[in-house]
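Architecture at a glance
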Amino acid sequence: MSKSAATLEWLLPASDIDTDRKVLAGLLLELARNVDASVGTQPMGITPFDPRLEQLRALLLGREIELSRHFSQVLDDPEQLAIAVSRVLPAAIAQASARDERLGQVLAPALASSVRRDPNTLVDILHPLIGPAIGKSIDATFQSLNESLKHSLTWRGLKWRWEAWRTGTSFAEVVLKHTLVYQVEHVFLIHRNTSLLIAHAASQDAASQDPQLVSSMLAAIQDFVRDSFAEQQGLDSLRLGELRLWSEPGPFATLVAVIRGNPPEELRETFRSVLARIHAERPEALETFDGDSSGFADVEAALTDCVQLKQESARPAQKGFAWFLIAAVGLALLGLVGTWGYQRWYDERRWEDYLARLRAQPGIAITEVGKRNGKWLVSGLHDPLAVDPQVLLREASIDPAGVVSLWQLYQSLDPQFVLKRAQDALAPPATVTLAVAGDRIVAVGSAPSSWIQHARAASRMLPAGVSDVDLSQVRDLDERDEHLWQTYVARLRAEPGIAITEIGTRDGLALAGASTPAERKLLIGGLRDPLAVDPELVLRELSIDPARVVSQWQPYQSLNPQFVLKRAQGAFAPPPTVTLAIEGDRLVAMGSAPASWIQRAGVVGVPTGVSQVDLSQLRDLDEDDERLWADYVARLRAEPGIVITETGKRDGKWLVSGMRDPLAVDPQIVLGQSAIDPTRVVSHWQPYQSLDPEFVLKRLQAALAPPATVTLAVAGDRIVAVGSAPSTWIQRARAAGRLLPAGAPQFDLSQVRDLSEGALGKLRDAIQSKEVRFDYNNPLPARGQDAVLDQLAAELKELTALSSTLRVTTRVTLTGHSDVVGQGLYNLALSLARAESVRTMLKQRGVDPDLLAVRSAGTLEPRELGDTEAARSINRRVSFTVGIDE
């Protein structure tokens, strides 16, 4: 079957398989040649009507006329035309590609751009393939499972199970390893930047397709994946039925392999090594590749080595179910015996571990172990302070019902048990620590005399394992308490506002030599000013137990100056601006206060401890408030955007009202800076728009949002704009200036330069004056257009740099045109291909592709009207339009 017929069979539905696709493709290609002006001749006029000639034509050419009418209906009906073209298009493209490789070079960027603009189209195309691909993937999974089941009951399967156990891999992986069958059918090397095919190799029995077309489709799919999913790496694998497509990217080229079957992952490493070797040997040629593949014979040889890679199917395994059943029964019995033996060994191991833990525990002595009536037996001695053997039994996961335990109580001489019994017998306070040293109990710390005497008496009744109690390192707390008590009394005598009148002990016992020190309580009494330090706080600071102290304090008023001053502070309640001080026998007030407080202080009585109250150093605050308020009002009147209409005083508070521009200073901020209490001020402000030049400037900047190249400033009674801007912004600024109210400053735009009239405008005109010419029915530029493309590339680079300097955004639109010869849809597609080819060539010359946009005009925007050869030649072009944005 030919290449065109094979392509047609791939596209047509299953119901059309019996149709002769080759004949139908030939007919439709013949029809395309009749429609295409480059293949057949075009009629140049209309034959005048003659009835006799019409009868003769009906007799001789009746069937041909009917066929022509049918073809005209197909061409005029978009749906029928789409069906016909869809059936013949693959074969037509394949034949055209075989004659001219430039078709693939033009279609590749056009197809990639089409996918970027509308990815949903490619999704709709691939949708019918996704379901079958998933189904085949599931079939392949079940096939792998079937292989595993088929080989699991054979001698070869047993050998493979042994290999799986020895290597630590799954049985399914070993089966796949021995049954994998694959063949590398195609290997493509595609340039990454231009998506052009560098080299291609195919196996002898592989289906033949146009390599350039396949390369273009692969590049389009990769662009679709990157644009749709924001994934820079793109696809690395694709599966269609039995075919797998693996992609390995490199610095300058991508290696794509088409593999039939189930290849191992190790094959990827082979492809990576081949790609790395190609880049190492030909880096410069790959980087500067321009579509000429004649100098890559060594690369094709390396790709040919790749298509030789394959793995043949393994020899079918011999079946032997009879002896396997016998072996299975034997293995089952052996497994049962092994399980019973393992369980018995495991139970004995747990029992030995339990006994080892018991022997390691202090306070447990094992005297007998064994078995009795099918149960484990253990007996011995157990100290009540030792760990419970039943707890260890449960921790060892042994059933207590299967163990017989016989334990006799005894007292172990282990140091930790001896120490526990000594702790219980002596009951030491928290300040005493007991430890075992040889056969003695050593006490360290501090304790009351009563406990020390109790410990000495209890040493005669010590538990077994202790010969003596060493109390030499215990300090008597009663001696320390005597020292702390004396320190406490001296501290209280030094505190102002405290007068001690009595010190002693309760019940008349002396401090020294008391017969029962633990019951003795210390007594202290006297006079204490409520403002003096609390004796309980001093007691706690010295770590004296408050329960051992009886305190009796009578309240009184001390004449100490600091207490007199505190009481005066409470009686007069001075404001923060007034300071009270004791000078001799006088209470002096200094600072500033309202007149009301000064009057109230004059009638308050003289506090105890002073002879008079001196208010001569106070300043009246009401006089200061008048001055501060006048300063505040004057400050507001001087602020632009604030107009005061009323000031005064109401209900003891200051009043101010008027109008305030939202851009003016906040009166509350000025009030906070004036030292006036904000709670004493009532403010009422109505919003309005001031015509002050600074405020008008701020509103213009917010409304116009001038570009970075324009500066607005106030100059006298004018607002002046200086710089350069696009004409659209200048027009908008002029309209805003005309809307300013009467009395507002004039908006001067005379110093703003229009960007389109300067260097940017000249460069725009130079680019728009150029056109790229084309030959008839050709998507590539005509000969002699390289100089125009070079000049255009230089001017576009200059446009990019100048736009960046002026901080404006520019966009260049490439519009493809065609002559009037041919069908409208065909001319639109041809125009788009011409624009795409020019953009690709400009990109190869270093122009940023993001600067360029393409569109197709077909025959809708002719430069020269008429159907003459000169007009058609002028209209076959690509024109340029430069747009400038703010």
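Quantities reported herein were computed from a predicted structural model and do not represent experimental measurements. (Residues numbered from 1 in each chain as written. Predicted model: local features only at pLDDT ≥ 70, side-chain atom pairs only at ≥ 80, totals over all residues. Heavy atoms only, no water.)

Examining the overall build of the protein chain
Of the regular secondary structure elements, the protein chain holds 28 helices and 28 strands. Looking at the protein chain as a whole, 36% of its 886 residues are labelled buried. If you take every contact in the protein chain between residues at least 6 apart in sequence, the share linking residues at least 24 apart comes to 65%. As displayed, the protein chain has an accessible area near 50900 Å², and 55% of this comes from carbon and sulfur atoms. (Helix = DSSP H or I, 4+ residues; strand = E, 2+ residues; numbered from the N terminus. Buried < 20%, exposed > 50% of the residue type's maximum accessible area, 1.4 Å probe, protein only. Contact = heavy atoms within 4.5 Å. Areas by Shrake-Rupley, 256 points an atom, 1.4 Å probe, with all protein chains shown as cover.)

Some words on the sheet that holds strand β9 (residues 403–409)
Ordered by their spatial adjacency, three strands build an open sheet running β7-β8-β9, and the pairing between neighbours is mixed. Two strands close off the open sheet at either side, each with one partner strand: β7 (364–372) and β9. This sheet shows a mean twist of 15° between the axes of neighbouring strands, independent of strand direction. Bridge analysis of strand β8 (residues 375–382) against β9 gives seven bridges, and the strand direction is parallel. Note that in β9 the partner of Leu377 across the bridge is Val404. (Pairing = 2+ DSSP bridges. Axes fitted to C-alpha atoms, helices over the stretch in contact; angles between N-to-C directions.)

Focus on the packing of aromatic side chains
Within the structure shown, the criterion is met by nine aromatic pairs. With 5.5 Å between their ring centres and 45° between their planes, Trp351 and Tyr354 make a pair best called tilted. Of this pair, Trp351 and Tyr354 both sit in helix α13 (residues 321–360), three residues apart, which is roughly one turn of the helix. Looking at Tyr354, the relative accessible area reads 1%, which means it is buried. (Phe/Tyr/Trp six-rings, centres within 6.5 Å; stacked < 30°, edge-to-face > 60°.)

Observations regarding the sheet that holds strand β20 (residues 653–660)
Each strand in a sheet pairs with another by means of backbone hydrogen bonds, the pair being arranged parallel or else antiparallel. Pairing in this open sheet of three strands is mixed, and the strands run β19-β20-β21 from one edge to the other. With partners counted over all chains shown, the strands left at the sheet margins are β19 (642–650) and β21 (681–687), one partner each. Sheet twist, expressed as the mean angle between neighbouring strand axes with direction ignored, is 15°. The pairing of β19 with β20 spans eight bridges and is antiparallel. Within β20, the residue paired with Ile644 across the bridge is Gly658.

Observations regarding the environment of Asp651
Here Asp651 is to be found in the loop between β19 and β20. What makes Asp651 exposed here is its relative accessible area of 75%. Here the alpha-carbon distance between Asp651 and Arg680, two residues 29 residues apart in the chain, equals 9.7 Å.

Thoughts on helix α27 (residues 824–844)
Turn by turn, an α-helix covers 3.6 residues, leaving residues three or four places apart pointing in a common direction. When the terminal C-alpha atoms of α27 are compared, their 30 Å separation across 21 residues agrees well with the 30 Å that a helix rising 1.5 Å per residue should span. Among all positions in α27, only Asn827, Leu830, Ser831, Ala833, Arg834, Ala835, Glu836, Ser837, Val838, Arg839 and Leu842 are buried. After α27 finishes, the residue Gly846 shows a positive phi value of roughly 95°. (Expected span 1.5 Å × (residues − 1).)

Here we look at the packing of helix α10 (residues 266–281) against helix α12 (residues 297–307)
Following both chains from N to C, one finds α10 and α12 inclined at 175°, their axes separated by 11 Å at the closest point. By the criterion of interaxial angle, the relationship of α10 to α12 is roughly antiparallel. Seen from α10, the contacting residues are Phe271, Val274, Arg277 and Ile278; seen from α12, they are Val299, Ala302, Leu303 and Cys306. (Parallel < 35°, antiparallel > 145°, perpendicular 65-115°, else oblique.)

A short note on a nonpolar patch on the surface
A surface patch of nonpolar side chains, about 310 Å² in accessible area, is lined by Val329, Leu333 and Leu336. Relative to the elements of secondary structure, Leu333 occurs in helix α13. For Leu333, a relative accessible area of 52% puts it in the exposed group. (Patch = residues over 30% accessible without salt bridge, like charges linked within 9 Å, V, L, I, M, F, W, Y side chains within 5 Å. Salt bridge = Lys/Arg side-chain N within 4 Å of Asp/Glu carboxyl O.)

Some details on the pattern of salt bridges
Within the structure shown, the criterion is met by 30 salt bridges. Residues Glu248 and Arg268 are paired through a salt bridge, measuring 3.0 Å at the closest nitrogen-oxygen approach. With Glu248 in strand β4 (residues 243–249) and Arg268 in helix α10, this pair connects stretches of sequence that are 20 residues apart. The same class applies to Glu248 as to Arg268, namely buried. A salt bridge links Arg491 to Glu541, with the nearest nitrogen and oxygen atoms 3.1 Å apart. Residue Arg491 is found in helix α17 (residues 477–494), and its partner Glu541 is found in helix α18 (residues 535–541); the two are separated by 50 residues along the sequence. In this structure Arg491 comes out as partly exposed when scored by relative accessible area, which is 33%.

Brief notes about the pairing of strand β5 (residues 253–261)
Two faces make up the sheet, and in a regular strand the side chains alternate between them. Of all the nine residues making up β5, seven are buried; the element is thus mostly covered by neighbouring parts of the structure. By the bridge criterion, nine bridges tie strand β1 (residues 182–191) to β5 in an arrangement that is antiparallel. Across the sheet, the residue bridging to Tyr182 is Gly261, located in β5. Between β4 and β5, which pair antiparallel one after the other, the connecting turn spans three residues.

Notes on the pairing of strand β10 (residues 432–437)
Relative to strand β11 (residues 440–447), β10 runs antiparallel, the two sharing six bridges. Each residue of the ladder has a partner; that of Ala435, found in β11, is Val442. Taking the residues that link successive antiparallel strands as the turn, the β10-β11 hairpin has two residues, and the phi of Gly438 there is positive, at about 70°.

Side note on the side chain of Thr810
Of note, Thr810 is situated in strand β26 (residues 809–817). For Thr810, a relative accessible area of 11% puts it in the buried group. A distance of 3.0 Å separates a polar atom in the side chain of Thr810 from a polar atom in the side chain of Ser803. Those residues within four positions of Thr810 in sequence are excluded, and the remaining contacts are Leu799, Ser803, Leu851, Gly883 and Ile884. (Polar contact = N/O pair within 3.5 Å; in protein donor to acceptor, adjacent residues only side chain to side chain.)

As for unusual backbone geometry
Most peptide bonds take the trans form, and the phi angle of most residues other than glycine is negative. Backbone geometry at Ser397 places phi at a positive 60°, although glycine is not the residue there. If you trace the backbone, Ser397 turns up in the loop between α14 (389–395) and β9. The backbone phi angle of Asn777 is positive, close to 55°, even though this residue is not glycine. You can see Asn777 is positioned in the loop between β25 (771–773) and α26 (786–806).

Describing helix α24 (residues 727–738)
Here α24 is twelve residues long and its end C-alpha atoms lie 17 Å apart, about the 16 Å a rise of 1.5 Å per residue gives. Listing the buried residues of α24 in full gives Trp729, Ile730, Ala733 and Ala736. The buried residues of α24 occupy an angular sector of 120° when projected down its axis, which confines them to one face. Exposed residues pointing more than 90 degrees away from the buried face of α24 are listed as Gln731 and Arg738. (Arc of directions from axis to C-beta.)

Regarding the confidence of the model for the protein chain
Averaged over all residues, the pLDDT of the protein chain equals 78, while 78% of them reach at least 70. Per-element mean pLDDT across the protein chain ranges from 40 in helix α1 (residues 3–11) up to 94 in β25. Contacts from residues 1–20, a stretch scored under 50 in pLDDT, to residues over four places away or in other chains number 27 contacts. Of the regions scoring below 50 in pLDDT, residues 508–518 engages in eleven contacts with residues more than four places distant in sequence or in other chains. (pLDDT = per-residue confidence, 0-100.)

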